[in-house]
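# Residue-level structural notes
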Amino acid sequence: MTNARAIGPAASDPAITLPVLGMSCASCVGRVERALKAVPGVEAAAVNLATESATVQGQGVAPAALVAAIRKAGYEVPQADYELAIEGMSCASCVGRVERALKAVPGVESAAVNLATERARVQGTAAMPALIAAIAKAGYSAQPVADAAAPADRDDRHAAQQQALRRDFLLALVLALPVFLLEMGGHMFPALHMLIHDTIGMQASWVLQFVLTTLVLVGPGRRFLTGGLPALLRGAPDMNALVAVGSLAAYGYSVIATFAPGLLPAGTVHVYYEAAAVIVTLILLGRLLEARARGRTSEAISRLVRLQPQQARVRRGGAVVELPVAAVALGDVLEVRPGERIPVDGELVEGESYVDESMVTGEPVPVAKTAGAAVVGGTVNQTGAFAFRATAVGGDTMLSQIIRLVEQAQGGKLPIQALVDRVTMWFVPAVMVAAALTFLVWLAFGPSPALGFALVNAVAVLIIACPCAMGLATPTSIMVGTGRGAEMGVLFRKGEALQQLKDARVVALDKTGTLTLGKPVLTDLELASGFDRATALARIAAVEAQSEHPIARAITDAATAEGLTLPPVSRFASVTGYGVHAEVEGEAIAIGADRYMAQLGLDVAPFAETAARLGTEGKSPLYAAIGDRLAAVIAVADPVKPSAAATIRALHGMGLKVAMITGDNARTAQAIAGQLGIDDVVAEVLPEGKVAAVQRLRAAHGALAFVGDGINDAPALAEADVGIAIGSGTDVAIEAADVVLISGSLTGVANAIALSRATMANIGQNLFWAFAYNVALIPVAAGVLYPGFGILLSPVFAAGAMALSSVFVLGNALRLRRFRAEVAA
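Computed from a prediction, not measured in an experiment: that's the story for all the values here.

Okay, the pairing of strand β11 (residues 345-351) next. In this structure, β11 lies alongside strand β16 (residues 386-392), joined through 6 bridges in antiparallel fashion. In the strand pairing of β16, L348 is matched with F388. The sheet contact formed by β11 and strand β14 (residues 374-375) spans 2 bridges and is antiparallel. The residue of β14 that forms the bridge with G346 is V375.

Printed below as a string of structure tokens:
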């Protein structure tokens, strides 16, 4: 979260303080002051160059007008980016209400509220106190996320909420069950009706139902009354208001029938206590199931948080001490034993081991770590003990950044959500109007007792139409989808990328570091007869070790990897444009291109077939002479990543075009494209040429996703519809991307697209269910089937169906937790 200084007036202070960027001298100060004083309503303006701020006094001055004046004068007012934790929201109409309240605050440019994460993201030049006050006025409570509970505390709070819901549900069930049996049991079983009539009598039965139902409403059901009635009085009804009005209508009618039956028309004296009591009980059950499911949607974050160790062994003052992880400082040396989690990010200084990084990267194979290797906090040490120096602590560790990115993505709002927001903004008021019309139509045209039918059907409409499922349809799928992605090593930096990636029609990939490993390695070494590989490679590598050329490094690395000892070298010399030569163990060694061998009088024809093959693979052959004989042909190249071929096959299988955009030479690019089956190749382009290539491919094929890893890829990543950065690449590329593949494996590209498609399909199913459910059942609840089929929907069944709709949506979203990778790592 980016924190600008507080902007906007506090409730009790008419002064407005704005940060101002771009001022460099006293004339800038005067220019800004004049611009501010010209705004209508401004009485005084003081600009401070040292603090880069402006303070304005006035009445009824809009911060937005002040910001516009400063910008018009040529200076900038940075926007604040706030995140708030909100309590009290229960349905989609709550979301719309909070968003409208926030957008009405002067200076707010955008506000997005997420029901599943209970968070709001606000951008603009409004002050945090003003935002919190606006939310409070709308009937909810809020606090900055920085001040909100830590993830572990939030888990405890959610567990406490579930416990409270479980207690209230069980109490309501115990109280409502006798009410249901006394009333509905008598209707279903005439013998039970006669038993009640002949023993305690119907009046006593009604009084007992009154007592039990009253206890349900003032006990477990109090949450609906205290939340719904104030919202109704504010003219902003929500789900709680629907439940409160519905249950109180049934309860109030029954109370009159019980204690003042003379006030009702003849033939309409009936009680509906069971409707009021069972409605509350069933909706509490729905809330309980919903709370459990919603807790599971955020399990990905909870699991990531649990990866962070609480203690660390740190070398301090010549001793090893146990410290809380929060006390670890940059540069500290920490010790890790086999089987322990690594506390923070760092670099090995002693020892070696294998580390399981699957929980961060999604890659299942443990990674070898030796001195100088980087380790990631939260990963698990496997076999050896080692010491490492802390290079990132606290919120700067990779795990902390991953958690932050996942939370931001989960709090995002997809473009499709705009449709839901427009519908739900008017949904609850429309339901209340529909319930009122249902009551009036049944009262005017219904059979006897018309008043009873009118009441029951109006209550059924109120209860069935709760928009909980609508509000949960999109954010829960985003939460589970992005969480599953994080477990697979795919980070969606922006929730919007989930929707946009689904629409991709072409995937363009950078070559170096994306399709290839990004560094040259020895790929081919073919020997003439009579030469031993180990001896030849050791001598060639010994000579190349004297050179600074990247190709030379690749050859020496290969010799080191094979455990060879490099012999001493003398008389080393470089021949510009040809190669290098030296003496090793008394023999002359020469390494270079074919023209160098010709200059030395050596014929390269015996290797002609090998050289031709290397050429078709985009590799340039080198030759080595030992003594006076041609000894070997060598090829050094940037090899294709092992995962590249499977990834491109998977992309083709998903119906996508695959292109490669690279600054490398066309021959090498075409060779790799042919090897991998890439459809389109754009080679020998500069960074701005990559942007033009992205634009051309998009025009030809449609929405485009670009995959890259380097600084020169950042413009193309930003230009693409969705930019996908290889996580092992540069920070600049990652910052420009919408999706980050933490492991650096290309398999994440196909997996990210497949996950996007699965998540959007899941959202589509949820929205269809939520909307179709309401569209279909509101008329049924209103009684449209009664004239033709004699079917009415009891408020009790309406309550059960309403609760199940939210549980269905949440359960469907949770299926994404079982999403399997398109390409195995």
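Right, let's get into helix α19 (residues 533-544). Compared with the 16 Å implied by 1.5 Å per residue over 12 residues, the 16 Å span of α19 between its first and last C-alpha is a close match. Within α19 the residues assigned to the buried category are A536, L537, A538, R539, I540, A541, A542, V543 and E544. Residue D532 occupies the N-cap position of α19, its side-chain oxygen lying 3.4 Å from the main-chain nitrogen of A534.

We now examine unusual backbone geometry. In most cases, non-glycine residues show a negative phi, while peptide bonds are predominantly trans. Residue P449 is bonded to the preceding S448 through a cis peptide linkage, with omega at -5°. Mapped onto the fold, P449 is located in the loop between α14 (417-445) and α15 (450-464). Within the chain, E585 stands out as a residue other than glycine whose phi angle is a positive 55°. Mapped onto the fold, E585 is located in the loop between β21 (579-584) and β22 (587-592). With a phi close to 55°, E684 is a non-glycine residue in the positive phi region.

Turning our attention to the side chain of D638. In this fold, D638 is placed in the loop between β24 (629-637) and α23 (644-653). Buried charge D638 goes without a salt bridge, the closest partner of opposite sign being K511 at 4.4 Å. A polar contact is formed between the side chain of D638 and the side chain of T516, at a distance of 2.5 Å. A polar contact is formed between the side chain of D638 and the backbone nitrogen of L517, at a distance of 3.3 Å.

The subject of this paragraph is the sheet that holds strand β25 (residues 657-661). Strand pairing within a sheet occurs via backbone hydrogen bonds; the two strands may be parallel or antiparallel. Taken in spatial order, the 7 strands of this open sheet run β17-β29-β28-β27-β18-β25-β26, and their pairing is mixed. Each edge of the open sheet carries a strand with a single partner, namely β17 (490-492) and β26 (680-682). Going from strand to strand, the sheet's axes swing by 20° on average, the running direction of each strand aside. For β25 and β26, the ladder comprises 3 bridges, and the chain directions are parallel.

Moving on: the UniProt feature "transmembrane region" (unreviewed entry) in the chain. This chain's UniProt record puts "transmembrane region" (unreviewed entry) on residues 169-188, 200-220, 241-264, 270-289, 423-445, 451-474, 767-786 and 792-810. Regarding residues 270-289, the helix share stands at 85% and the strand share at 0%, and the terminal C-alpha atoms are separated by 33 Å. For the annotated span residues 767-786, helix accounts for 85% and strand for 0% of the residues, and the straight-line distance between the end C-alpha atoms is 28 Å.

Let's shift gears to the sheet that holds strand β15 (residues 380-381). The 3 strands lie next to each other as β13-β12-β15, forming an open sheet whose pairing is antiparallel. Both outer strands of the open sheet, β13 (367-369) and β15, are each paired with one neighbouring strand and no more.

Moving on: the pattern of salt bridges. The full count for this structure, using the stated rule, is 24 salt bridges. Across the salt bridge formed by E76 and R71, the nearest N and O atoms sit 3.1 Å from each other. The class for E76 is partly exposed, based on a relative accessible area of 37%. Residue classification places R71 among the partly exposed positions, given a relative accessible area of 31%. As a salt-bridge pair, R315 and E350 come within 3.0 Å of each other at their nearest N and O atoms. Highlighted residues: R315 in strand β8 (residues 311-316) and E350 in strand β11, separated in sequence by 35 residues. Relative accessible area serves as the criterion here: at 31%, R315 is assigned to the partly exposed category. Taking the relative accessible area as the measure of exposure, E350 reaches 40% and is therefore partly exposed.

The next point concerns helix α1 (residues 26-37). Between its first and last C-alpha atoms α1 spans 17 Å; for 12 residues at 1.5 Å apiece the expected length is 16 Å, and the two agree. Those residues of α1 lying buried are C28, V29, G30, V32, A35 and L36. Looking at the buried side of α1, the elements it contacts are β2 (42-48), β3 (53-58) and α2 (63-72).

Okay, the pairing of strand β20 (residues 569-575) next. Sheet analysis places β20 next to β21, joined by 5 bridges and oriented antiparallel. Within β21, the residue paired with V569 across the bridge is V584. Between the antiparallel neighbours β20 and β21 lie 3 residues, among them G577 with a positive phi of about 85°.

Each value, and the rule that gives it
- Residues numbered from 1 in each chain as written.
- Predicted model: local features only at pLDDT ≥ 70, side-chain atom pairs only at ≥ 80, totals over all residues.
- Heavy atoms only, no water.
- Pairing = 2+ DSSP bridges.
- Helix = DSSP H or I, 4+ residues; strand = E, 2+ residues; numbered from the N terminus.
- Expected span 1.5 Å × (residues − 1).
- Buried < 20%, exposed > 50% of the residue type's maximum accessible area, 1.4 Å probe, protein only.
- Polar contact = N/O pair within 3.5 Å; in protein donor to acceptor, adjacent residues only side chain to side chain.
- Lys, Arg positive; Asp, Glu negative; His and termini not counted.
- Salt bridge = Lys/Arg side-chain N within 4 Å of Asp/Glu carboxyl O.
- Axes fitted to C-alpha atoms, helices over the stretch in contact; angles between N-to-C directions.
- UniProt positions renumbered as here; feature names shortened; annotations may be inferred.
- Contact = heavy atoms within 4.5 Å.

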